[in-house]
Amino acid sequence: MPIVCTIIVNEDITMFKKTALVLIAALAISLILPCTQDVFAKKSKNKTASGTLTETVSLSGEETVTQSGEGTETDLEDTSAPSDEPGLNYTKKVLYVGKTFDLELNGVEGKIKWSSSDKNIATVSKGHVTGISAGYVYIYADCEGIRYECLVKVKSAGLTTISKRIRKGNSFKLKVKGTKAVSFSSSSTKIAKVDADGTVTARKKGTAVISCLCENGETYTCEVEVYLNILDIEDPTFSDLAPTVNMSFEELVGDNGIYDELTAMPEAGTYKIIVDLYHKVVMAYTKDENGKYTRPVRYMLCGVGASSTPTPTGTFKMENYRLRYEHFNKTNCYGQYWSILTGRIYFHSILYTSFNAKDYTDTSYDNLGKAVSHGCIRLTVPDARWIYYNVAPGTTVVVRKGSSDDKETAAIREKLVLAERPKTRPNLVKGEIPDTDNWTIDEVPHETKFIQGSQNGGEAAL
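Residues numbered from 1 in each chain as written. Predicted model: local features only at pLDDT ≥ 70, side-chain atom pairs only at ≥ 80, totals over all residues. Heavy atoms only, no water.

Okay, the overall build of the protein chain next. Scanning the protein chain from N- to C-terminus turns up 6 helices and 36 strands. Buried residues in the protein chain amount to 42% of all 462 residues. Accessible surface, the protein chain: about 24,600 Å² in total, of which carbon and sulfur atoms supply 50%. (Helix = DSSP H or I, 4+ residues; strand = E, 2+ residues; numbered from the N terminus. Buried < 20%, exposed > 50% of the residue type's maximum accessible area, 1.4 Å probe, protein only. Areas by Shrake-Rupley, 256 points an atom, 1.4 Å probe, with all protein chains shown as cover.)

Laid out in structure tokens, this is it:
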């Protein structure tokens, strides 16, 4: 860096004074310049291959860790560097514990000094990197005053699935990451058996632990819960018929992140739906051995129309217009799993102020079991989802006024108690909501093709 020293000399100053000033200025320059050069030399040693400067903190011995704050807590994928540019062959790499890979410094001549920011996570010797424990670590290659770095994510080996809920009769396959399976075994083959290739088949209601012995000498486990679909239970309990009573608040209002289009559904005659406005209960029935709709399938707590905007009564056939997550026109509200009943009347979830489930409205949850809607039938998300996928267009729906004399429905309503809304609003992450329901989307019978209709009644009543 050039340093300019300007000296103003008065003509009246004697030659001796002029000479002294020049000598002083030269001495100052000789003292300042080495310091300035030393500062830039130190910064050059910390210069990365990308040309950016990073602050480094000495740990112990040869170890250093870069305090650049770039993505050390985020997921990453293997990233190769351009082969025609000087640098490491990888700038990012995923590695399993006990596995290795080789780093090479291309296009650079000179002695290379290799180091790891944390030897407890990964070590390096002459570019050979070994994963020690799970975490993030930088591997450095210092050459000719320039530092090249590779961000390594070390992952633990194991099963890709550590817990699974599965319906009796269904199967899934266990997969191993970071090592190879040697053998599989089940703690109870009566509940769930496992084949040599890791295929697990659910056989009986209950819980079994599937163990996998691997080449690395470790044994990894997966807990499998086998459940019965409500249609397979001969004498269902109330919680079998009303699974929401055992669900967490997060599951009752959350978003599972699945937005697939409806393609097919069960036959329209599979269920009959009864909505009781007095008790604020939706009840689904299927046929008994005599072909009568007497066998209960699902009980659901609901919100119904207020006295000024009542839910219409009568016998209806479900229409064929459905929306997964949509905005109510002319309002600041959204809802999940819209299933049109008739006109502007829908079955749908509680309300939200955005397309994000974390923005649920407190009152719409608190008002389940009350008459406050504009005519629509509001439900928890799991119940609205059940109707959306299972209750086909053409299904008979009876909406009745109901009465206090109906002791049977009153008994159902009394037991339909949901989880309390937490005082602190949880952060509901889409797709990370637990699923404890007694059915799954992929097991819904595809007996009749679903064809999207039109919103004949116009804007939903809300």
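Alright, that's what it looks like, and here's the rest.
This part covers unusual backbone geometry. You will see that Glu144, though not glycine, has its phi angle at about 50°, which is positive. Summarising the element assignment, Glu144 is placed in the loop between strand S12 (135-143) and strand S13 (146-155). The exposure class of Glu144 is exposed, given its relative accessible area of 62%. You will see that Tyr337, though not glycine, has its phi angle at about 55°, which is positive. Structurally, the position occupied by Tyr337 is in strand S30 (residues 334-342). Overall, the relative accessible area of 0% leaves Tyr337 in the buried class.

Pairing within the open sheet is antiparallel, and its 3 strands lie in the order S7-S11-S10. Every interior strand has two partners, whereas the edge strands, strand S7 (100-102) and strand S10 (122-125), have only one. Across the sheet, the mean angle separating the axes of adjacent strands is 20° when strand polarity is ignored. Direction of pairing for S7 relative to strand S11 (residues 128-131): antiparallel, over a ladder of 3 bridges. Residue pairing for S11: Phe101 is matched across the bridge by Val129. (Pairing = 2+ DSSP bridges. Axes fitted to C-alpha atoms, helices over the stretch in contact; angles between N-to-C directions.)

With the rule as written, the count across this model stands at 15 salt bridges. One salt bridge connects Asp276 with Arg400, and the closest N-O pair in it is separated by 2.9 Å. Here Asp276 is found in strand S24 (residues 271-276), whereas its partner Arg400 is found in strand S35 (residues 396-400), with 124 residues between them in sequence. The exposure class assigned to Asp276 is buried, which follows from its relative accessible area of 0%. A relative accessible area of 27% means that Arg400 is categorised as partly exposed. One salt bridge in this structure joins Asp362 and Arg421, with 3.4 Å as the shortest N-O distance. On the criterion of sequence distance, the pair formed by Asp362 in helix H4 (residues 362-366) and Arg421 in the loop between helix H6 (407-415) and strand S36 (448-449) is long-range, its members being 59 residues apart. Look at Arg421 and you get partly exposed, because its relative accessible area is 29%. Salt bridges linked by common partners bring Asp362, Asp366, Arg421 and Arg425 together as one network. (Salt bridge = Lys/Arg side-chain N within 4 Å of Asp/Glu carboxyl O.)

All right, on to the packing of aromatic side chains then. According to the stated counting rule, one finds 15 aromatic pairs in the structure shown. Taken together, a centroid distance of 5.6 Å and an interplanar angle of 65° make the contact between Tyr325 and Phe355 edge-to-face. Of this pair, Tyr325 sits in strand S29 (residues 322-327) while Phe355 is found in the loop between strand S32 (351-352) and H4, placing the two residues 30 residues apart along the sequence. The exposure class assigned to Phe355 is partly exposed, which follows from its relative accessible area of 43%. Aromatic ring contacts, followed pair by pair, group Tyr325, Tyr334, Tyr352 and Phe355 into a single cluster. In this arrangement the basic side chain of Arg425 is found over the ring face of Tyr360, its NZ or CZ atom lying 4.0 Å from the centre. (Phe/Tyr/Trp six-rings, centres within 6.5 Å; stacked < 30°, edge-to-face > 60°. Lys NZ or Arg CZ within 6 Å of the ring centre and 35° of its normal.)

Attention now moves to the pairing of strand S21 (residues 206-214). Summarising the sheet, strand S18 (residues 181-186) and S21 pair through 5 bridges and their orientation is antiparallel. The residue of S21 that forms the bridge with Ser183 is Leu213. Inspection of the sheet shows S21 paired to strand S22 (residues 219-227) by 8 bridges, in the antiparallel sense. Along S22, the bridge assignment pairs Ala208 with Val224. Hairpin connection, S21 to S22: the antiparallel pair is bridged by 4 residues, and Gly217 has positive phi, about 90°.

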